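For reference, the chains in residue letters:
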Amino acid sequence: MDIGELLAFKPEQTPKRPHDDEDEDFDTEPSHGKRGGGDEKIKRMRRIAEAKESAHYGKQGGGSTASVGTSSFEFDPELTEEERLNILKYVENEEADGDVLDEQGLKKLILVFEKRNLKNQEMRIKFADSPEKFMESEVELHTVIQELKGVATVPDLYPLLVELHGLHSLLELLAHQNTDIAVAVVDLLQEVTDVDILGESREGAEALIEALRKEQICALLVQNLERLNEQVKEEADGVHNTLAIVENLTEIDSEFVKEAAEQGLLAWLLKRLRGKTPFDPNKLYCSEILSILIQTENDNRLQLGSLDGVDVLLQQLAVYKRHDPGSNEEQEYMQNMFNCLCSALMARENRDRFLSGEGLQLMNLMLREKKMSRNGSLKVLDHAMAGQDGRDNCNKFVEILGLRTIFPLFMKTPKRNKQRLISADEHEEHVASVIASMLRNCKGTHRQRMLAKFVENDHEKVDRLLELHLKYLAKVEAIDKEIDQQAKDPGIDEDEEAENNYIKRLTGGLFTLQRIDYILLEVSATADTVKQRVLQILNLRGASMKTIRSIMREYAGNLGDGDTDWREQEQTHILSLVDRF
């Protein structure tokens, strides 16, 4: 009889003599009188015990029996919903969990660990020239380190681990002569610092993070990385777990981003990427960690530049100039390299290094080759030319005949397919930003060459500009309508709501529309024929110049919090263009 039948069992109903003291749920035989209720209660408890025993046996007896029992599970219709849930919960949790490490258990484990660690040190000193004599103590030490992984399941014990100096002793072993011991400690630290585990205990997380910071964990990890040989699988896994520790720490506490770079990790990452090793998972992980380190921290970007990091990134990307990545993982690596270069170019000093390292020439070649790298190169050009710090790059791009490359992309957006991961909107945004930056930063003959492009071929590029203007204007109007219809959140004030709505409009197409309208104003202010063409098309399409003016006035009023002098100068320039338009 399986568990479903046991739980569905119901004794045959018999006539019952009513009694004030009897529980109506118990079925009693008439001959037993008052004692009958007690006997029946005992029988009922025995049946429940037998059902529990059967459930336990069913679980131990193999998956097939248990699955059949639970799949054909039928409850007594008279059971309440609560009783049904309790029975199901009991069946699911009947199998006993393994022993969970407690405070006393951790104390004993750390004591064993310290004894074996001390014994190993003594044996190594005593038999320095006879490895076979201290090998047994090394195996015992390795075993207890594996056992300490149990603490990763109980983050509430982390403060005790720190208090008993267990963490300190573990970190000392990162410098152990045997890399197997160091790799085992790295594996343990990776589990202990897991973000999900740390999220279970705030007190435990704070104690662990503070202790790791005091011990300069990143410096210790880098010293260990320097000696690991990735040709050995176990040591390659150790490198991967080390990078996972850094990722965990930076996710928990952003201060580790700066500390890791200062303690040598940034230099090691660049050295690892610079090596002429074939692509592997660790190389991909290095690119991800590098991206994390320089994404938000300007000091790290400057450090990357001083370590010739811009050249390293360009060398790694040059491989994909004429060849597409060979796998999805390598494609992700290439995208990480482009993202790192974009982050690095947010520092003015790195733009000069990018220019002198012939980064513009490489990006221009990638655009012409029409390989997968074209999407990333367009994004890099956008970052390299933006703002007042991009002036030299803008002029150089015109000199290397970059206009012949960028304007065909402006006139026709490439179709998206599986290999071209960038969307049409993103492509048009980057192209419009590059052209707008060149119009703002180029002077003299370079600027004249730019403006001449909009007059040639019967103003075809002006027609394209207005086509894009109407496309993105429709997108923004749809977003505005959506914002008007959304319910007001009482939890945020008006200023915050206005900021959130503006960001939503920017991501919905306003950012690209601003760049397109800026180009319209610039070219219209320099040639009467261009302005007449703009008016003619706007009238034909039932559009208005007032819309362009209002968009650009809004743009001038939201230029950001950068250099105050530059912002005021830019606002004045834009408003003067609006007035002339």
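Residues numbered from 1 in each chain as written. Predicted model: local features only at pLDDT ≥ 70, side-chain atom pairs only at ≥ 80, totals over all residues. Heavy atoms only, no water.

Quick look at the overall build of the chain
Then step 1. Assigned secondary structure in the chain consists of 31 helices and zero strands.
Then step 2. Summarising the internal contacts of the chain: among those between residues at least 6 apart in sequence, 73% fall at separations of at least 24.
Then step 3. When the accessible surface of the chain is totalled, it reaches about 31000 Å², and 48% of it is carbon and sulfur. (Helix = DSSP H or I, 4+ residues; strand = E, 2+ residues; numbered from the N terminus. Contact = heavy atoms within 4.5 Å. Areas by Shrake-Rupley, 256 points an atom, 1.4 Å probe, with all protein chains shown as cover.)

Things to note about the side chain of Asn-241
Then step 1. Along the chain, Asn-241 turns up in helix H13 (residues 233-252).
Then step 2. Take Asn-241: its relative accessible area is 16%, and that puts it in the buried class.
Then step 3. Among residues more than four places away in sequence, those in contact with Asn-241 are Val-186, Asp-187 and Gln-190. (Buried < 20%, exposed > 50% of the residue type's maximum accessible area, 1.4 Å probe, protein only.)

Some details on the packing of aromatic side chains
Then step 1. Across all of its chains, the model carries three aromatic pairs by this definition.
Then step 2. When the ring of Phe-279 is compared with that of Tyr-333, the centres are 5.6 Å apart and the planes differ by 55 degrees; the resulting orientation is tilted. Note that Phe-279 is positioned in the loop between helix H15 (265-274) and helix H16 (281-295) and Tyr-333 in helix H19 (residues 328-344), a separation of 54 residues in sequence.
Then step 3. Classification of Phe-279 by relative accessible area gives partly exposed; the value is 28%.
Then step 4. What makes Tyr-333 buried here is its relative accessible area of 2%.
Then step 5. Ring geometry for Phe-407 versus Phe-410: centroids 6.2 Å apart, planes at 85 degrees, classification edge-to-face. Here Phe-407 pairs with Phe-410, and both are found in helix H24 (residues 403-411), just three residues apart, close to one helical turn. When sorted by exposure, Phe-407 lands in the same class as Phe-410, which is buried.
Then step 6. Grouped by ring-pair contacts, the aromatic residues Phe-407, Phe-410 and Phe-454 constitute a single cluster. (Phe/Tyr/Trp six-rings, centres within 6.5 Å; stacked < 30°, edge-to-face > 60°.)

Some thoughts on a negative patch on the surface
Then step 1. Taken together, the side chains of Asp-489, Asp-493, Glu-494, Asp-495, Glu-496 and Glu-499 present a region of like negative charge at the surface.
Then step 2. Relative to the elements of secondary structure, Asp-489 occurs in the loop between helix H27 (456-485) and helix H28 (494-524). (Patch = residues over 30% accessible without salt bridge, like charges linked within 9 Å, V, L, I, M, F, W, Y side chains within 5 Å. Salt bridge = Lys/Arg side-chain N within 4 Å of Asp/Glu carboxyl O. Lys, Arg positive; Asp, Glu negative; His and termini not counted. Charge placed at Lys NZ, Arg CZ, Asp CG, Glu CD.)

Re unusual backbone geometry
Then step 1. Although it is not a glycine, Gln-216 adopts a positive phi angle of roughly 55 degrees.
Then step 2. Position of Gln-216 relative to the elements: it lies in the loop between helix H11 (202-214) and helix H12 (217-227).

Examining the confidence of the model for the chain
Then step 1. For the chain, the average pLDDT comes to 83, and 82% of its residues sit at 70 or higher.
Then step 2. The low-confidence segment residues 14-37 (pLDDT under 50) makes 25 contacts with residues lying over four places distant or belonging to another chain.
Then step 3. Confidence drops under pLDDT 50 across residues 94-98; counting only partners more than four residues distant or on other chains, this segment forms three contacts. (pLDDT = per-residue confidence, 0-100.)

Some remarks on the environment of Ile-217
Then step 1. The residue Ile-217 is located in helix H12 in this model.
Then step 2. The buried category is assigned to Ile-217, whose relative accessible area is 1%.
Then step 3. Between the C-alpha atoms of Ile-217 and Phe-256, which are 39 residues apart in sequence, the distance is 9.8 Å.
Then step 4. With near-sequence residues (within four places) excluded, Ile-217 lies in contact with Leu-171, Leu-189, Leu-212, Leu-249, Phe-256 and Gln-263.

Observations concerning the side chain of Thr-193
Then step 1. Tracing the backbone through its elements, the reader meets Thr-193 in the loop between helix H9 (179-192) and helix H10 (195-198).
Then step 2. Residue class for Thr-193 comes out buried when judged on its relative accessible area of 1%.
Then step 3. Within the structure, the side chain of Thr-193 is placed 3.3 Å from the side chain of Asn-248, a separation counted as a polar contact.
Then step 4. Discounting chain neighbours no more than four positions away, the residues touching Thr-193 are Leu-198, Leu-208, Leu-212, Ile-245, Asn-248 and Leu-249. (Polar contact = N/O pair within 3.5 Å; in protein donor to acceptor, adjacent residues only side chain to side chain.)

Side note on the state of the cysteines
Then step 1. Counted according to the given criterion, the structure contains zero disulfides.
Then step 2. The cysteine Cys-394 is free of any disulfide, with Cys-442 supplying the nearest cysteine sulfur at 5.2 Å.
Then step 3. Judged by relative accessible area, Cys-394 falls into the buried class, the value being 0%. (Disulfide = S-S within 2.5 Å.)

Observations regarding the pattern of salt bridges
Then step 1. Taken as a whole and assessed by the stated rule, the structure comprises 31 salt bridges.
Then step 2. Residue Lys-119 pairs with Glu-140 through a salt bridge whose shortest N-O separation is 3.5 Å. Remark: Glu-140 occurs in helix H6 (residues 131-147) and Lys-119 occurs in helix H5 (residues 103-126); sequence separation between them is 21 residues.
Then step 3. When its relative accessible area of 37% is taken as the criterion, Lys-119 is described as partly exposed.
Then step 4. Between Glu-206 and Arg-202 there is a salt bridge; the shortest N-O distance is 3.3 Å.

What to know about the packing of H6 against H9
Then step 1. At a minimum axis distance of 10 Å, the contact between H6 and H9 shows a crossing angle of 5 degrees. One finds that H6 runs roughly parallel with respect to H9. Packed against H6, whose contacting residues are Glu-138, Leu-141, His-142, Ile-145 and Gln-146, the element H9 presents Asp-180, Ile-181, Ala-184, Val-185 and Leu-188 at the interface. (Axes fitted to C-alpha atoms, helices over the stretch in contact; angles between N-to-C directions. Parallel < 35°, antiparallel > 145°, perpendicular 65-115°, else oblique.)

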